[in-house]
Amino acid sequence: MTLSIRNIIPILKAKFIGKNEVAIIDSISIDSRSLQNSGSTLYFALLGPNHDGHHYVAELLEQGVTNFVVTYIPSNLQGKANFLVVENTLQALQSFAAAYRSDFDFPVIGITGSNGKTIIKEWLNFLLSPDYNIIRSPKSYNSQVGVPLSVLGINEKHNLGIFEAGISTTNEMVNLQRIIKPTVGIFSNIGSAHDEGFHDAGEKIKEKLKLFSSVDVLIMNKNRTIEAFLNPKIKTFTWSSDDGKADVFVIAKESPDKTELKITYKKLCFTITIPFADQASIENALQCLMVLLYFNYDQDIIQQRMLQLYPVEMRLKVKNGSNNTTLIDDSYSSDFQSLKIALDFLESQKQFKKKTLILSDIFQSGLVTEELYSRVSHLIVSNKINRVIAIGKTISGYKSKFPNCLAFESTEKFLAAIETIPFENETILIKGARHFSFEEIVSYLEEKTHETVLEINLNAISHNLNFYKSKLNPETKLMVMVKAFGYGNGGFEIAKLLSHHKVDYLGVAFADEGIALRTAGISLPIMVMNPESTSFSAIIQHQLEPEIYSIKGLTAFLKLAEQKKLKKFPIHIKLDTGMHRLGFEEENVPELISKLKDNNTVEVKSILSHLAASDDMKHIDFTLSQIKLFEKLASAISEELNIKPILHTLNTSGISNFPQAQLDMVRLGIGLYGVSNDEDEQKLLENVGTLKSIISQIRTIQAGESVGYSRRFIADKPTKIATIPIGYADGISRHWGNGVGYVLIKNKKAPIVGSICMDMLMVDVSEIDCKEGAEVILFGENLSVSFMANQLTTIPYEIMTSISQRVKRVFCRE
Ligand SMILES: *Cc1c(COP(=O)(O)O)cnc(C)c1O
């Protein structure tokens, strides 16, 4: 893309305020963190309910970005850059993408539906890539923002587009249609996802069909309900397994790990085999098959390519590597668009200064290789990658273009040399096309622990954060509690995400936790709730902010502050209003005031208290009296000292139940991690942690035989027993054993039999068709921590924070 600002202004209907109307734009960005932003980037300051891109404009200016699409010019920045002022920046981005799209004239496949969009897109890309230069939506970029960004990736060399469109409510599809302008439509499976945004199923179908308003052909499973809503002018190309009126008739014969599909189409009749046996994969494969038929592919090519379909991995995963490294595993795709995204992700996740990129040959850019690798080189340099390991016959020829590059012809050759190459104290992005089998590299570099992992979904954390933000007044500040290793979910990684979301404060329990965050580069203000006097020095040294809760602690801190000649060092005053844990009581307040009066070494940043029963409306009177006492004491202190500190007292359930008491700030904890004690609210949160393991061994025991220590389980019939390598030392309570609890295997319940051991437990899998090595879910979306807590008569907090540090945390995002 090369466009001048002058040409862009009329497309966006923007008012230009700036100096250089002929500036050239070659890329679009909405992400302030991207190191790919440059002087020729046009940054769209998007505005969400919980995010305002305008807040990043000043930072970006410092980094050299000079072209901005905004709804207003942030204060003091007028005259310092080119501003394109519009009414709505998202609409401007969409109009820009739509105008850009209309400059290209090649077939574009548009996919929508409730399930399967991304898989169909990836499979089509695989099936068609030998014959086309394809541009496709990266990952699952299918939203109001994702679609325009995907389309803006088109270049002159592409000759086929594959884009997916996802909507959650009415009136969204019209926008996506005008940006994608598909010529071939695919209506994938219509399930119940996102039903809440629609009146009824009919409304949802009608809305989705809008994507296809001007296609040449619409491919779908023959379905009378959908056809009833369809404009009869739209030509369809349908398949079915039960309706003989469909254009293509299919008979499926499933075996355990593959399916034979007998296809009848016009006069043709042939059989194809796909390496899957589940219903969803069969449907997705058939949608792809229809495209191949529509594109007039020969049946032997269809047979050959369909046989090679593979499981699609859509998420980038962050894993711990050995020798103190972090791995970002994107070992399933390699194209220019997704490389850009992966490099941005690397930047947002990097824990170490040093960055290594392991990269395979890149396919389907549509560019000649010389030009392609020049662009890749440019990208790598702007992302400040320290070292590149290039793997593949083509890329290794361009070795000299990359910084510190080691080149290998094949993954095999690299693996043969890997022991001689040092990997330590760095973040490593592993990105390769499928057939390079980079998963072998990942498994070599991965930290070797047992197979149990706690997978943390970073997208869900963002979702939950935004959910609670939406309950607050816009001016209310937000402190997020990341104590106890982020409630067991991860310290640094979550703090990093929260920094990006610009929360106001982090809260930890002990100084050590705060120091660990500072060492990892977190610069947000951090309040330490339980600072021991012995840690005061370290607190000061690391710019942490102590919560002071007693006259003794205050005296000690003031003495140290005096010695170190501190000026206005931030402290937080904790009041006890009824919790009776930590805090100044009413009778201490006069002494507190007199000690702080005219003292310039410290500054009271905030005054706080903690509610004892905000989760339980039975105690509403008590809670209201706590809030009242807090307001009274806090205003007495503020008045006497003539200060305006931040006042805060609500935790998660306080935010839900006592929003009128949000004061200046709230302290969000468990809700961020996906748990609410209110049933309705729980439905609106997303699951964050999934504890997974695998089956180590399976055996069948006979009636009368027992399982485990003390023979607590005796089989009354032949029973299939699976052993899972996770036990009470990993944090699974022994009370969960002996038939009380269960695990999920293939989404089916497998009851725990016998006592849970230190490192293992056994389950009954008689009713489940599973093999050794199969995945086991200990908790997650369909077996919630809240449910477990209920059964075990404890609280979700205890279960989450009990998961031992020896369980590897894996962070992922869509
Ligand atoms: C842990 C904690 C919170 C957060 O509580 P949640 O119930 O997890 O939201 C808030 N304030 C204080 C003082 C805490 O210790």
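Residues numbered from 1 in each chain as written. Predicted model: local features only at pLDDT ≥ 70, side-chain atom pairs only at ≥ 80, totals over all residues. Heavy atoms only, no water.

Novice: Kindly report on the overall build of the chain, identifying the contributing residues and their values.
Specialist: What the chain contains, in helices and strands, is 26 helices and 43 strands. Against the compact-globule benchmark of 28 Å for 814 residues, the chain has a radius of gyration of 29 Å, which places it among compact chains. Counting only C-alpha atoms and orienting by the principal axes, one finds that the chain spans roughly 95 × 85 × 60 Å. Put simply, the chain has 814 residues, and 55% of those count as buried. (Helix = DSSP H or I, 4+ residues; strand = E, 2+ residues; numbered from the N terminus. Rg over C-alpha atoms; globule rule 2.2 N^0.38 Å. Buried < 20%, exposed > 50% of the residue type's maximum accessible area, 1.4 Å probe, protein only.)

Novice: A description of the pairing of strand β13 (residues 184-187) should follow, citing residues and the corresponding values.
Specialist: The two faces of β13 match: V184 and I186 on one face and G185 and F187 on the other face are all buried. Where strand β10 (residues 108-112) meets β13, 4 bridges bridge the pair, whose relative direction is parallel. Residue pairing in the sheet places I111 in a bridge with I186 of β13. Sheet topology note: the β13/strand β14 (residues 217-221) ladder contains 4 bridges and is parallel. Bridging from a neighbouring strand, F187 pairs with M220 of β14. (Pairing = 2+ DSSP bridges.)

Novice: Tell me about the side chain of S653, and please be specific about residues and values.
Specialist: On the secondary structure map, S653 appears in helix α23 (residues 652-657). For S653, a relative accessible area of 9% translates into the label buried. Here S614 takes part through its side chain, which lies 2.9 Å from a polar atom of the side chain of S653. S653 has contacts with S614, D615, F658 and N677, leaving out every residue within four places of it along the chain. (Polar contact = N/O pair within 3.5 Å; in protein donor to acceptor, adjacent residues only side chain to side chain. Contact = heavy atoms within 4.5 Å.)

Novice: Could you give an account of the pattern of salt bridges, with specific residues and numbers?
Specialist: Using the criterion set out here, one finds 33 salt bridges in the structure. Of the charged contacts, one joins E426 and R387 as a salt bridge, the two residues approaching to 3.1 Å between their closest N and O atoms. Taken together, the residues span a long stretch of sequence, with E426 in strand β24 (residues 426-431) and R387 in strand β22 (residues 387-391) at a distance of 39 residues. Comparing E426 with R387 shows no difference in burial state: the two are buried. A salt bridge links K717 to D716; the nearest nitrogen and oxygen atoms lie 4.0 Å apart. (Salt bridge = Lys/Arg side-chain N within 4 Å of Asp/Glu carboxyl O.)

Novice: Residues and numbers for unusual backbone geometry, please.
Specialist: In this structure, L663 takes a positive phi of about 50° despite not being glycine. Judged by its relative accessible area of 23%, L663 falls in the partly exposed class. We note that S710 has phi near 60°; this positive angle belongs to a residue other than glycine. As for its position among the elements, S710 is in the loop between β36 (706-707) and β37 (713-714).

Novice: Would you mind going over the nonpolar core in detail, with residue names and values included?
Specialist: Ranked by internal contacts, the top residues of the largest apolar core, which has 139 residues, are V376, L506, I573, I745 and V763. Among the nonpolar cores identified, the runner-up in size contains 49 residues, and I8, L12, A92 and A165 belong to it. (Core = buried A, V, L, I, M, F, W, Y, C linked by side-chain atoms within 4.5 Å.)

Novice: I'd like a rundown of the sheet that holds strand β9 (residues 82-85), residues and numbers included.
Specialist: Spatially, the 5 strands line up as an open sheet ordered β2-β9-β8-β5-β4, and their pairing is mixed. Each edge of the open sheet carries a strand with a single partner, namely β2 (15-17) and β4 (27-29). Taking the axes of each pair of neighbouring strands and ignoring which way they run, one obtains an average angle of 25° across the sheet. Judged from the 3 bridges that link them, β4 and strand β5 (residues 41-44) form a sheet pairing that is parallel. Bridge pairing in β5 places S27 opposite T41. Sitting on the sheet, helix α3 (residues 89-101) is in contact with β4, β5 and β8 (67-70), with an inclination near 135° to β5. (Axes fitted to C-alpha atoms, helices over the stretch in contact; angles between N-to-C directions.)

Novice: Can you tell me about the site of the ligand, naming the residues and giving the values?
Specialist: Inspection of the region around the ligand gives M481, K483, Y487, M529, R581, H610, N651, T652, R667, G669, I670 and Y797 as its neighbouring residues. Within the side chain of R667, an N or O atom sits 2.8 Å from a nitrogen atom of the ligand. One of the backbone nitrogen or oxygen atoms of G669 is found 3.1 Å away from an oxygen atom of the ligand. In isolation the ligand exposes 380 Å². Once the protein is present, 94% of that is buried. Its residues placed into classes, the shell around the ligand shows 5 nonpolar, 4 polar and 3 charged. (Near = heavy atom within 4 Å. Areas by Shrake-Rupley, 256 points an atom, 1.4 Å probe, with all protein chains shown as cover. Nonpolar A, V, L, I, M, F, W, Y, C, P; charged D, E, K, R; others polar.)

Novice: Break down the pairing of β24 for me, with residues and values.
Specialist: Of all 6 residues that make up β24, 6 are buried, and the element is covered over most of its length. Alternating positions in β24 separate into two faces, E426, I428 and I430 on one and T427, L429 and K431 on the other, with burial throughout. As judged from the 6 bridges shared by strand β20 (residues 325-330) and β24, these two strands associate in the parallel manner. Within β24, the position partnered with T326 by the bridge is T427.

Novice: Requested: an account of the sheet that holds strand β26 (residues 477-481), with residues and values cited.
Specialist: Spatially, 8 strands are ordered β26-β27-β28-β29-β30-β31-β32-β33 in a closed barrel, and the strand pairing comes out parallel. Averaged over all pairs of adjacent strands, the angle between their axes in this sheet comes to 30°, without regard to strand direction. Contacts from helix α22 (residues 620-641) reach β30 (569-575), β31 (602-609) and β32 (646-650) within the one sheet, and its direction differs from that of β31 by about 170°.

Novice: Tell me about the domain arrangement of the chain, and please be specific about residues and values.
Specialist: Partitioning the chain into structural domains gives domain 1 (3-90), domain 2 (104-306), domain 3 (317-448), domain 4 (459-680) and domain 5 (689-813). Measuring from the centre of the C-alpha atoms in domain 2 to the corresponding centre in domain 3 gives 32 Å. Contact with domain 2, which involves 15 residues of that partner, is made by 10 residues of domain 3. Of the roughly 1,000 Å² buried where domain 2 meets domain 3, counting both sides, 48% is carbon and sulfur surface. Joining domain 2 to domain 3, the criterion identifies 1 salt bridge. Summed over the shared surface of domain 2 and domain 3, the number is 1 residue pair in polar contact (both at pLDDT 80 or more). Taken together, the elements giving at least two residues each to the side of domain 2 that touches domain 3 come down to β11 (134-136) and α5 (146-151). Here the residues of the side of domain 2 that touches domain 3 sort into 5 nonpolar, 7 polar and 3 charged. (Domains from an automatic or database assignment. Buried area = accessible area lost by both parts, 1.4 Å probe.)

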